[in-house]
Each structure stands twice: as C-alpha cells, then as structure tokens.
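# Structural overview
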Amino acid sequence: MKANECKGIFVFTEIQDHEKILDGALELLSKGRELASKLNEKLYAVVFGLNVEQYLPKIESFGPDVIIHNKETKDPQTLKHYNCEIFPDMWEELIKKYLPSIVLFPATEAGTDLSARLAQRFATGLTAHCSDLEIDDLEDYGTNLLIMKRPAFSGNLSASIICPDKRPQMATIQQGVFKQQPVENPQKPEYIAIECKHQLEKLRIVNVESPTRYQRECVPLERSNLIVAGGRGMGSKGNFEKLFNLANLIDAEVGATRVPVFNEWCDQERMIGQTGKVVKPDLYINFGISGQIQHTTSIRESKRIISINTDPKAKINDISDYIINEDAVSFIEALIKRIQQEKKQFCEK
Ligand SMILES: Cc1cc2nc3c(=O)[nH]c(=O)nc-3n(C[C@H](O)[C@H](O)[C@H](O)COP(=O)(O)OP(=O)(O)OC[C@H]3O[C@@H](n4cnc5c(N)ncnc54)[C@H](O)[C@@H]3O)c2cc1C
C-alpha cells in the first residue's frame, strides 16, 4: 500500500479472557488518540470477540472516531478466543478497505501473532516491543512519519525506526508503556459492524482447549506497588524461592530478569524488561541484578529502587536510591528473619 493513499490509525483492541478489554489495548487507544489528533486523522478501535457489545461503552470513553466490531457469530465460540486463521483474514479485509496509515498492537501473544502475519501479507515493516511512539517529519524520508522507538544493539542505544515507503506502519507495544487516558466528554463514534465469514468446523487449526490467562498464573506486576525482584545473583532455584517467602511477608509481587526465567527458577510471567513487563511500583527491591538496559528500561519509573549486589560498580546502582553491597541470599535470609521477629513482637503487644 502506498503512503499517499493511507490515512488513520487502527488499534487492535484486544479482549482479555473474553471478559475484559486488555489494559494494554486501552493504553494504545490513549496513545492512538494523541497521535491521530496530531495527524488530524481518524482513530479506529477494532474489536472482535464474544458478546462484543458489552465492551463498546468503555471503548467509546477513550475517544475513537470509529469503532469496528464483529456482528454476533452463529457459533459463539468462533471469536471467543484469538484465532490465527480468523483474525488475520478479517483484519486483512479491513486494512484493504480502510487503508490505515498506522496499525498498533499490544505486545501480547495475540498481538504479536496478528501483527507478524499482517506485516507479511502487506509486505510492510513491523517494529516489535516499542518503548515510545511519535509523529515527525524527516528530511529525505517524508512528513508525518511514525517514529517507533525501541532499544537496539543489546540495548546500548535507543533506535528510532521508521517505515517511510510501505503502509501500514506497524508496531507492537508492551503493556504499561503508555497511560490509560479516557477522554472527557468523548464524541459519539461511528460504528461499523462486520460479518465473520469463517466457520470453526472448516478451520485447519482448532483450539482443543484455550486456557484463559486467569486459569494460568496471572501475575499483576504492572499494577503492583511493591516488587521484590531477583536475577542471576540469586544463584539457584532454591535461593530464588526465598524471594517468594519475602514477598508473602510484605505483600509484594516477585519479578525477575531474563536469567531466572531461562533457568526455570520462575515462570515467564514474572520477567521484567524489554521482552517482559513494564513496572512502576512505589518500591522496587532487587537482589543480584546487574542492571542491563533490557531490564532497567522497564523499571525506570519506579519511585524508589533498592539494590542488593556484591559488585559496588553494578550498573543498577546508577539508577538506585539505596545500594547495599552484600550477598543477596544472606541479606534476604536476614531480612526475612527480621521481619518475622518484628511481626511476632507486634502481635504479642
Ligand atoms: C533482545 C534481548 C532482549 C532482552 N530482554 C530482557 C528482558 O526483557 N528482561 C531482562 O531482564 N533481560 C533481558 N535481556 C537480557 C539482558 O541483556 C541481561 O542479560 C539480563 O537482564 C541480566 O540479568 P541479571 O542481571 O540477572 O544477570 P547478570 O547480568 O549476570 O548479573 C548478575 C548480577 O548479580 C550480581 N551477583 C552475583 N552474585 C551475587 C550475590 N551472591 N549477591 C548479590 N549479587 C550478586 C553480580 O554482581 C551481577 O551484577 C535481553 C537481552 C536481549 C539481547
């Protein structure tokens, strides 16, 4: 698709567990609203799901100009879950019809799958896991370009990526990067209801079982105000477990770098960073984390950071409010003991 033919911003308004709009989708609608106003173009919220009408009032409050949603399907299961045969076909038709200039997706399993398939179908560029989006003019490349920012070269620099010639310009964005900003007195959007032509029984890929995210362990790290996180310096799965003991005592969530996740000391849902979650707690206490950019990029908005590390020159110290040069495991054991004692004394009073 040619740049001069395309206008408008589409947002994949993903439904989480067929019962709520994904927070990351609402964040993207907010950012999409800002970008669309800057471009003076329309913002489209595109939402497919089961009983989709229930989500429309909330979507309206984020100020899209147009909401495109599915009509109810004969078999309610058809759009209940993201399906990699159905959704890309429906989206392809929409993009061909409405020619959006920009398409934004939350960096979830569904968003990642859908965006990659559409990028291939339209032979256009896709920037994954962006940390910021802007509109700007660039000499030699064009006007009103989407500037997609993300860490590059092992996080040693922040790259600004553009897709000057092909359309749509597409990006996936991690949850928690942008704020949810409902619009005051939003205008009534135009509604477009589309038919889903697919029938489940004719698909090659069948969902035998689709566990919801709630049935899997769901770790609300993005909304947690107190996080205790561990890295390679925790040394073993057994030691990493101590973070859970501490978290239970102080009502915290446990986070991790990529190392504990790859070592199977904890599950993927707990990974914080460029390819994990973005967190903004009041207090982020970390144990044995070096502070590589792929991790720190997603903890920078924490109000306070306390770092426990044996290396006084660890990079994490540069963004820490308090630095403790100690062995992480001995420190956490002593901390747990102290909190237990304090709690006991408090209860005895
Ligand atoms: C494309 C890409 C994406 C990535 N995405 C992510 C991501 O989303 N999240 C992420 O976290 N990483 C990510 N990484 C990996 C990242 O680059 C780092 O490798 C990782 O964050 C390092 O984890 P760490 O701090 O646990 O380990 P290390 O860097 O090995 O640091 C371990 C730290 O523990 C300290 N230590 C050792 N022993 C002790 C002890 N006994 N007590 C106290 N301290 C001790 C050491 O001094 C050191 O500072 C990504 C990498 C790439 C290339």
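Because the structure is a prediction, the values reported are computed rather than measured.

## Points about the overall build of the protein
The helix and strand tally for the protein stands at eight helices and 17 strands. Taking 2.2 N^0.38 as the reference for a compact globule, 349 residues should give roughly 20 Å; the C-alpha atoms of the protein span a radius of gyration of 22 Å, in line with that estimate. A principal-axis box enclosing the C-alpha atoms of the protein has dimensions of 65 × 50 × 45 Å. Per-residue burial for the protein yields a buried fraction of 40% across its 349 residues. Contacts in the protein between residues far apart in sequence, at least 24 positions, make up 66% of those at least 6 positions apart.

## With respect to the site of the ligand
Of all residues adjacent to the ligand, which total 25 residues, the nearest are Gly231, Gly233, Thr257, Gly273 and Ser290. Looking at the shell around the ligand, the elements that each hand over two or more residues are helix H6 (258–262) and helix H7 (293–296). Taken together, the residues that form the shell around the ligand break down as six nonpolar, 15 polar and four charged.

## Overview of the pairing of strand E8 (residues 132–138)
Sheet analysis places E8 next to strand E9 (residues 142–152), joined by six bridges and oriented antiparallel. In the sheet register, Ile135 faces E9, and the bridge partner there is Leu146.

## Re helix H4 (residues 109–121)
Taking 1.5 Å as the rise per residue, H4 with 13 residues should run 18 Å; its terminal C-alpha atoms sit 19 Å apart, in good agreement. When we look at burial in H4, the residues that qualify are Ala110, Gly111, Leu114, Ser115 and Leu118. Within H4, the buried residues cover an arc of 115° as seen down the axis, which keeps them to one side. When the buried face of H4 is taken as reference, the exposed residues oriented beyond 90 degrees from it are Glu109 and Gln120. If you follow the buried residues of H4, they end up packed against strand E1 (9–12), helix H3 (86–98), strand E6 (102–106), strand E7 (126–130) and strand E11 (169–173). Backbone geometry just after H4 places Ala123 at a positive phi near 45°.

## A word on the environment of Gly255
Along the chain, Gly255 falls in strand E14 (residues 253–256). Overall, Gly255 belongs to the buried group, with 33 C-beta atoms counted inside 10 Å. Along the chain, Gly255 and Arg270 lie 15 residues apart, while their C-alpha atoms are 4.8 Å from each other. Setting aside anything within four residues of it in sequence, one finds Gly255 in contact with Leu221, Ile227, Ala229, Arg270, Ile272 and Val279.

## Some details on the domain arrangement of the protein
Domains assigned within the protein are domain 1 (3–202) and domain 2 (221–348). The C-alpha-based centres of domain 1 and domain 2 are spaced at 34 Å. Listed per partner, the contact involves nine residues of domain 1 and eleven residues of domain 2.

## Thoughts on the sheet that holds strand E17 (residues 322–324)
Read from one edge to the other, the open sheet built from five strands follows the order E14-E13-E15-E16-E17, with strand pairing classed as parallel. The sheet is open, and its two borders are formed by E14 and E17, each paired with just one other strand. Strand-to-strand twist in this sheet, taken as the mean axis angle between neighbours without regard to direction, amounts to 20°. In this sheet, strand E16 (residues 304–308) lies alongside strand E15 (residues 283–287) in parallel orientation, the contact comprising five bridges. Directly across from Leu283, in E16, lies its bridge partner Arg304. Taken strand by strand, helix H5 (residues 237–250) contacts strand E13 (226–230), E14 and E15, and its axis lies near 170° from that of E13.

## Concerning H5
Since there are 3.6 residues in each turn of an α-helix, residues three or four apart along the chain are aligned in direction. Between its first and last C-alpha, H5 extends 21 Å over 14 residues, near the 20 Å set by a 1.5 Å rise per residue. Turning to H5, its buried residues number three or more, namely Phe240, Leu243 and Leu246. One face of H5 carries all of its buried residues, which in axial projection span an arc of 95°. Facing away from the buried side of H5 by more than 90 degrees, the exposed set consists of Lys237, Gly238 and Asn248. In the core, the buried residues of H5 are packed alongside E13, E14, H6, E15 and helix H8 (328–348). At the exit of H5 stands Asp251, carrying a positive phi of roughly 60°.

Definitions and cut-offs
Residues numbered from 1 in each chain as written. Predicted model: local features only at pLDDT ≥ 70, side-chain atom pairs only at ≥ 80, totals over all residues. Helix = DSSP H or I, 4+ residues; strand = E, 2+ residues; numbered from the N terminus. Rg over C-alpha atoms; globule rule 2.2 N^0.38 Å. Buried ≥ 20, exposed ≤ 12 C-beta atoms within 10 Å, placed from the backbone. Contact = placed C-beta atoms within 7 Å. Near = placed C-beta within 6 Å. Nonpolar A, V, L, I, M, F, W, Y, C, P; charged D, E, K, R; others polar. Pairing = 2+ DSSP bridges. Expected span 1.5 Å × (residues − 1). Arc of directions from axis to C-beta. Domains from an automatic or database assignment. Axes fitted to C-alpha atoms, helices over the stretch in contact; angles between N-to-C directions.

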